[in-house]
Every structure is written in C-alpha cells, then in structure tokens.
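# Reading the structure
One-letter residues, chain by chain:
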Amino acid sequence: MDRAKPEDWWRIERKGDDVTLISEPFIQEFYRCNCWHVRGRDRDMLVDSGMGVVSLRDWVPLVTERSLTAVASHTHFDHIGCHHEFADRCVHRAEAGILADPAYDAILANYVTDDIFDRLPPLPYQSADYGVKAAPATRLLEDGDVVDLGDRHFEVIHTPGHSPGGIALWEAATGILFSGDIVYDGPLIEDTYHADATDYYRSMVRLYDLPVRIVHGGHFPSYDAARHRAIIRAWLDDKDG
C-alpha cells in the first residue's frame, strides 16, 4: 500500500460558528475521528486529536495560533493520539488513568491494522508497533463543568456507555453539541472494552431532548436537530422493542 506524505495527512474544513473540522482522510471513514477546533475570544478548544501517526502541531498551523485547551471526548486510540502535543489537556475523571497510561486494550488499539487505511501513514509508521503516548490530564472534568473560552462556554455532559468517561460538550447559546462517540450519524459501537449497555441507554435518553441546532459527532457527518432526534429515537425504540 502507498504511503501518504505528512503534509497531505490532515484535512481542514471550516464549518461555520468558528468551528473547524480536522480529520485524517486516508483513514477509512468508520475509523476516522473528527477532531473539532473551536475559536474563542481568549483561547481555543480542540475536541479530540486523531490517531497520533502524524503530528497535529507540525502540520496544522491552526492548532498553534493561540492558547488551546485539548479535550478528550473519551480515550480510544483514534481520539487521543496527539493529546501529548498540548500543554492544557482535559478528560473526564473516569478515564484519566487511560490518558496518563494508554494501555493497548483500554484504547482499543487492537482495531489498528493496515486495513483501516486507504493510504498508510508516512514512515516510520508500522501498524504492528502502534501505540499512543502518555498525556496526563492537567484538568479532570465532571458532569456540569464548563470549558470556558472567554466568550464561549461549553458544558460538560457525562455520557457513559461507549466508554465510562465519555463526554459531550454543549454550547447552549448556539445550540452546538460535540457528541463524541455516544451518538453520531453512523454505526454506533456498543460492545467494546469497558462499554456498558445500561449507561448507554441513560446517556441517549439524556441527549434526546437537548435543544440542539447542530451536532458535531466523533465520526461521520454533522447533522441537525431533526436528525439528532431520529437517530436517538430509532436507537431507543430498538432497545425497547
């Protein structure tokens, strides 16, 4: 399989509301994390940081322009790979140990093979040697906490189920929800290491009535309020049936 050049690894897409999608186009869509950059008055926020196979800081100037808080929606491999590159790192308390010591099983690194790529990362990357660098949190998050960017305030909503410390980030003033991997417009993963079915159900019920305008998920395209309710309603109906 061909290898990509590092300068081609990252794709940048402006989404409005001073939100930018940063993604890795040579990773197949199912495994490709959406990394979300949010511009604030006093500082910026990055929600998730990709696989870590090509540096974000070296190749995406957007993330080094201003002070930045890197938030982990959860600690699976595809979401925390570049967190060690940032000095200000946040994660829910329930997964702080994984961010500090990203063990192979806990981060689901068993998913990583050459087959998840359309083009391999540049050398010296080898799938057999893949791992994530430790990135101990500088702030532990709890439900109801706020990530403050000065003029923008994102409430932490604890959404366990996909993983114990999964979070969503909710900006009530704009109706923007960064949902992580608890809900997105694609196949949801409910049976991984440390997933919990009861927690998953409760998290989906909690998010159903949130007055969203747009949802930016951890994978797949963003979607509106009607689609948000349709996804969750169908999921809940399937469980209740």
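Details of the structure are given in the entry above.
Remember, predicted model here, so these are calculated numbers, not experimental data. (Residues numbered from 1 in each chain as written. Predicted model: local features only at pLDDT ≥ 70, side-chain atom pairs only at ≥ 80, totals over all residues. Heavy atoms only, no water.)

Summed over the entire model, instances satisfying the criterion amount to 15 salt bridges. A salt bridge links K15 to E13; its shortest N-O distance comes to 3.7 Å. On the basis of relative accessibility, which here comes to 37%, the residue K15 falls in the partly exposed class. The exposure class assigned to E13 is partly exposed, which follows from its relative accessible area of 26%. Between R229 and D209 there is a salt bridge, with the nearest N and O atoms lying 3.4 Å from each other. Residue R229 is found in helix α5 (residues 225–240), and its partner D209 is found in the loop between α4 (197–208) and β12 (214–217); the two are separated by 20 residues along the sequence. With a relative accessible area of 38%, R229 lands in the partly exposed category. One salt-bridge network, held together by shared partners, links R39, D44, E65 and R66. (Salt bridge = Lys/Arg side-chain N within 4 Å of Asp/Glu carboxyl O. Buried < 20%, exposed > 50% of the residue type's maximum accessible area, 1.4 Å probe, protein only. Helix = DSSP H or I, 4+ residues; strand = E, 2+ residues; numbered from the N terminus.)

This part takes up the pairing of strand β3 (residues 35–38). Along β3, one buried face is formed by C35 and H37 and the opposite face, lined by W36 and V38, is buried too. Looking at chain direction, strand β2 (residues 19–23) and β3 are connected through 4 bridges and run antiparallel. Considered in β3, the bridge of I22 is made with C35. Relative to strand β4 (residues 44–47), β3 runs antiparallel, the two sharing 3 bridges. (Pairing = 2+ DSSP bridges.)

This part takes up the pairing of β12. As defined by bridge partners, strand β11 (residues 176–180) adjoins β12 across 4 bridges and the pair is classed as parallel. Residue L177 lies in a different strand from β12, and its bridge partner there is V215. This β-α-β element, β11 to α4 to β12, shows right-handed connectivity. If you look at the hairpin formed by β12 and strand β13 (residues 223–224), you'll find 5 residues sitting between the two strands, and F220 has a positive phi there, around 65°. (Right-handed = clockwise from strand over helix to strand, strands pointing away.)

In this chain, L123 is followed by P124 through a cis amide linkage whose omega measures 15°. Of note, P124 is situated in the loop between α3 (96–100) and β7 (139–141). Although it is not a glycine, D17 adopts a positive phi angle of roughly 60°. With respect to the element layout, D17 can be found in the loop between β1 (11–16) and β2. Overall, the relative accessible area of 32% leaves D17 in the partly exposed class.

This brings us to the layout of surface pockets. Empty space within the largest pocket amounts to approximately 250 Å³. Around the largest pocket sit 15 residues that line it, and G52, V53, P122, P124 and Y125 are the ones nearest its centre. Residue classes in the lining of the largest pocket are distributed as 10 nonpolar, 4 polar and 1 charged. When its volume is computed, the second largest pocket comes out at roughly 170 Å³. As for the second largest pocket, its lining consists of M51, G52, V53, V54, S55, G81, C82, H84, E85, G131, V132 and K133. A breakdown of the residues in the lining of the second largest pocket according to their chemical character gives 5 nonpolar, 5 polar and 2 charged. (1 Å grid on protein atoms, 1.4 Å probe; cavity = no way out; pocket = protein on both sides within 12 Å on 5 of 7 lines; lining within 4 Å. Points joined across faces, edges and corners; volume = space filled by probe spheres on them. Nonpolar A, V, L, I, M, F, W, Y, C, P; charged D, E, K, R; others polar.)

On to the sheet that holds β11. Taken together, 6 strands build an open sheet; the order of strands is β8-β9-β10-β11-β12-β13 and the sheet is mixed. With one partner strand each, in any of the chains shown, β8 (146–148) and β13 form the two edges of the open sheet. Alignment of strand β9 (residues 153–158) against strand β10 (residues 167–171), held across 4 bridges, turns out to be antiparallel. Along β10, the bridge assignment pairs I157 with A168.

What follows is about the sheet that holds β7. Within a sheet, each strand pairs with its neighbour through backbone hydrogen bonds, oriented either parallel or antiparallel. Strand order in the open sheet formed by 7 strands is β1-β2-β3-β4-β5-β6-β7, and the pairing between neighbours is mixed. Each of the sheet's edge strands pairs with one partner strand only, and the pair in question is β1 and β7. Ignoring strand direction, the axes of neighbouring strands in this sheet form an average angle of 25°. (Axes fitted to C-alpha atoms, helices over the stretch in contact; angles between N-to-C directions.)

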